[in-house]
Amino acid sequence: MTKTVATKNHNEKIVIDFIHAAYGESMDVDAMTALMTEDFVWQLHVPLSPIVRGRDAARAELEKHSKLSTGMVEGSEIRTIVSDGDTVVVERIAFTSMQ
């Protein structure tokens, strides 16, 4: 990771911790899942990926991705984070390698 951003509240910190768990040769799916609530809503690639709802569905999506590629590797960066209440949006550049 070459750049990160300062968080302004607890929800932003949780999301940044979630993203950091995706760095490296493999994503830490257990750490990422531990940060989710039961009503977790996530869209990996806006607008191309489906919206994933719920912890179990999100874990299954992460496990699928971890079999296809590495986690985020050198050159990946978090550019911007904004939030309003429970909604957090992150602009980032992610580089991975296909497995």
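Our structure is the block above this text.
Residues numbered from 1 in each chain as written. Predicted model: local features only at pLDDT ≥ 70, side-chain atom pairs only at ≥ 80, totals over all residues. Heavy atoms only, no water.

A count of helical and extended segments in the protein chain gives three helices and four strands. In sequence order, the protein chain lays out its α and β elements as α-α-β-β-α-β-β. Its C-alpha atoms give the protein chain a radius of gyration of 13 Å, within 12% of the compact-globule value 13 Å for 99 residues. Overall size of the protein chain, expressed as C-alpha extent along the three principal axes, is 35 × 30 × 25 Å. When each of the 99 residues of the protein chain is scored for burial, the buried share is 29%. Residue pairs in contact within the protein chain that sit at least 24 positions apart in sequence constitute 52% of those at least 6 positions apart. Of the roughly 6,300 Å² of accessible surface on the protein chain, 55% is carried by carbon and sulfur atoms. Computing the positive centroid from 10 side-chain charges and the negative centroid from 15, the protein chain places the two 3 Å apart. (Helix = DSSP H or I, 4+ residues; strand = E, 2+ residues; numbered from the N terminus. Rg over C-alpha atoms; globule rule 2.2 N^0.38 Å. Buried < 20%, exposed > 50% of the residue type's maximum accessible area, 1.4 Å probe, protein only. Contact = heavy atoms within 4.5 Å. Areas by Shrake-Rupley, 256 points an atom, 1.4 Å probe, with all protein chains shown as cover. Lys, Arg positive; Asp, Glu negative; His and termini not counted. Charge placed at Lys NZ, Arg CZ, Asp CG, Glu CD.)

Here the focus is the layout of surface pockets. Reported here for the largest pocket is a volume of approximately 1,300 Å³. Lining of the largest pocket is provided by 37 residues; of these, Val15, Phe40, Val41, Trp42 and Gln43 occupy positions nearest its centre. If you tally residues by element for the lining of the largest pocket, the top one is strand S4 (residues 87-93), at seven residues. By residue class, the composition of the lining of the largest pocket is 23 nonpolar, 10 polar and four charged. (1 Å grid on protein atoms, 1.4 Å probe; cavity = no way out; pocket = protein on both sides within 12 Å on 5 of 7 lines; lining within 4 Å. Points joined across faces, edges and corners; volume = space filled by probe spheres on them. Nonpolar A, V, L, I, M, F, W, Y, C, P; charged D, E, K, R; others polar.)

Turning our eyes to something else, we now look at helix H1 (residues 10-20). Residues separated by three or four positions in an α-helix point in the same direction, a consequence of the helix having 3.6 residues per turn. Burial in H1 covers these residues: Glu12, Ile16, Phe18 and Ile19. Seen end-on, H1 carries its buried residues on one side only, within an arc spanning 155°. Two or three places before asparagine 11, at the opening of H1, asparagine 9 has a side-chain oxygen 3.1 Å from that residue's backbone nitrogen. (Arc of directions from axis to C-beta. Polar contact = N/O pair within 3.5 Å; in protein donor to acceptor, adjacent residues only side chain to side chain.)

Bridging between strand S3 (residues 77-84) and S4 involves seven bridges; their strand directions are antiparallel. Across the sheet, valine 82 pairs through a bridge with valine 89, a residue of S4. Once S3 ends, the chain turns through two residues before running back antiparallel as S4, passing glycine 85 with a positive phi of about 65°. (Pairing = 2+ DSSP bridges.)

Phe18, Met32, Trp42 and Leu62 are the most contacted members of the largest nonpolar core, which has 19 residues in total. At the level of secondary structure, the elements contributing two or more residues to this core comprise H1, helix H2 (29-34), helix H3 (55-68) and S3. For this core, the element with the most residues is H1, which contributes three residues. Once residues within four sequence positions are removed from consideration, methionine 32 is found in contact with Phe18, Ala21, Ala22, Met27 and Leu62. (Core = buried A, V, L, I, M, F, W, Y, C linked by side-chain atoms within 4.5 Å.)

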